[in-house]
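A structural walkthrough
The primary structure of each chain is shown beneath.
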Amino acid sequence: MNAEFSFSTSYGKLRIPVYRVYASPLRGVTPISESQFVRRENILFAYEVDVEVLGENFLPAYTHGDNTNVVATDSMKNFVLRQALAFEGSTLEEFLHVLGQRFLSTYAQMERIRLSARELAFAQVAVPEQGVGIFVESHLLFRRSHSDYAVAMLSFERDQDGAVVVADHRCGHVGMELFKVTGSSFSHFVRDQYTTLPERIDRPLFVFLDAYWKYQDSATLLDPEHTQYVPAEQVCDLLQVVFHEFVSESIQHLVHEMGNRLLARFPQLAEVSFEAQNRTRDQIAASTNDERVKVYSDPFSAYGVIRLTISRQG
Ligand SMILES: O=c1[nH]c(=O)c2[nH]c(=O)[nH]c2[nH]1
């Protein structure tokens, strides 16, 4: 090997689609006042999983074409799908935990592994209950939704005794697109020769929002009782309630309030973070009869981005 260079490698399989039907329902979560969510049926448990294997043991494959230690990424895909059939848990993070534990205990040459996944979101279709005239959620038919979805990442390594441990984790919900028609402002910002943006005491605030959270202890995240599990549905509902209630001075102000409310509601979380895109539309016309009635259209295609991470001290 060339002594002048150091190497860092990873390899794996991305976007392994997993459609498991009749997984265990998620029960036992603690209700919160901002959300109606209390359980997830998991009749269709659908996710797309990324496997990334890290460590030095695969270097000979790069430097000498020596594949003796290489687990084919095709085998990784099969491994994930087989584990999906055997999976007895009910959350995405539990699924990634089982996968991480099993990968590292099956393949000694894997030093570390990072597993990420995205929800393939499906909603239960509303169908009329026979003869009653009220609608209920179908337990058979699901409609694919291409809007916001849950994500998770868990990484694993071995401790001194060789036991597989969770090294890092991050949960999230991404792709929310929220439009608040009134009750947001952006004013008193720097005005100089580059400023064309008018002061807005009331603007129609349209944000694309990604939210992420970490637990103080990954054991809480993975506790099979789920009493301290933070479902992405509750996080979304809470964020929506904050957006609905809070009259913000900016997106910075809004995400700060969202972060504070999340950390207050869920003491089991250590950190929350946001990426918000400003997609506010330009006002084109306003009614002279009713001051609430206005027309907006697309703005200049560039958009502002606001990021925030809030961590508990100590
Ligand atoms: O909420 C906002 N924050 C900004 O920093 C900003 N900058 C801008 O042009 N519009 C907005 N809106």
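Nothing here was measured: the structure is a model prediction, and the numbers come from that model. (Residues numbered from 1 in each chain as written. Predicted model: local features only at pLDDT ≥ 70, side-chain atom pairs only at ≥ 80, totals over all residues. Heavy atoms only, no water.)

**Considerations on the overall build of the protein chain**
Along the protein chain, the regular secondary structure elements total 6 helices and 12 strands. If you line up the protein chain on its principal axes, its C-alpha atoms span 75 × 70 × 40 Å. Across the 314 residues that make up the protein chain, the buried fraction comes to 42%. Within the protein chain, contacts between residues at least 6 apart in sequence are counted, and of these 68% link residues at least 24 apart. With an accessible surface of roughly 17500 Å², the protein chain has 50% of that area assigned to carbon and sulfur atoms. Positive and negative side-chain charges of the protein chain, numbering 29 and 40 respectively, have mean locations separated by a distance of 4 Å. (Helix = DSSP H or I, 4+ residues; strand = E, 2+ residues; numbered from the N terminus. Buried < 20%, exposed > 50% of the residue type's maximum accessible area, 1.4 Å probe, protein only. Contact = heavy atoms within 4.5 Å. Areas by Shrake-Rupley, 256 points an atom, 1.4 Å probe, with all protein chains shown as cover. Lys, Arg positive; Asp, Glu negative; His and termini not counted. Charge placed at Lys NZ, Arg CZ, Asp CG, Glu CD.)

**Some words on the site of the ligand**
Within the structure, the ligand sits among Phe186, Leu197, Arg203, Ser250, Ile251, Gln252 and Asn278. Between Arg203 and the ligand, the recorded distance is 2.7 Å, taken from a side-chain N or O atom to an oxygen atom. For the ligand, an oxygen atom lies 2.7 Å from a polar atom in the backbone of Ile251. Summarising the interface, the protein chains cover 69% of the accessible area of the ligand, which totals 290 Å² for the free molecule. Put simply, the ligand lies in the second largest pocket. Along the lines of polarity and charge, the residues of the shell around the ligand split into 3 nonpolar, 3 polar and 1 charged. (Near = heavy atom within 4 Å. Polar contact = N/O pair within 3.5 Å; in protein donor to acceptor, adjacent residues only side chain to side chain. 1 Å grid on protein atoms, 1.4 Å probe; cavity = no way out; pocket = protein on both sides within 12 Å on 5 of 7 lines; lining within 4 Å. Sits in = over half its atoms within 2 Å of the grid points. Nonpolar A, V, L, I, M, F, W, Y, C, P; charged D, E, K, R; others polar.)

**Here we look at the sheet that holds strand β9 (residues 269–278)**
In spatial order, the strands read β1-β2-β3-β6-β7-β8-β9-β12; together these 8 strands make up an open sheet with antiparallel pairing. Each having just a single partner strand, β1 (10–21) and β12 (304–311) make up the two edges of the open sheet. The average undirected angle you get between the axes of adjacent strands in this sheet is 15 degrees. Contacts from helix α2 (residues 73–86) reach β1 and β2 (44–54), with the element oriented near 30 degrees to β1. Lying on the sheet, helix α6 (residues 251–265) is in contact with β8 (205–215), β9 and β12; it crosses β9 at an angle near 155 degrees. (Pairing = 2+ DSSP bridges. Axes fitted to C-alpha atoms, helices over the stretch in contact; angles between N-to-C directions.)

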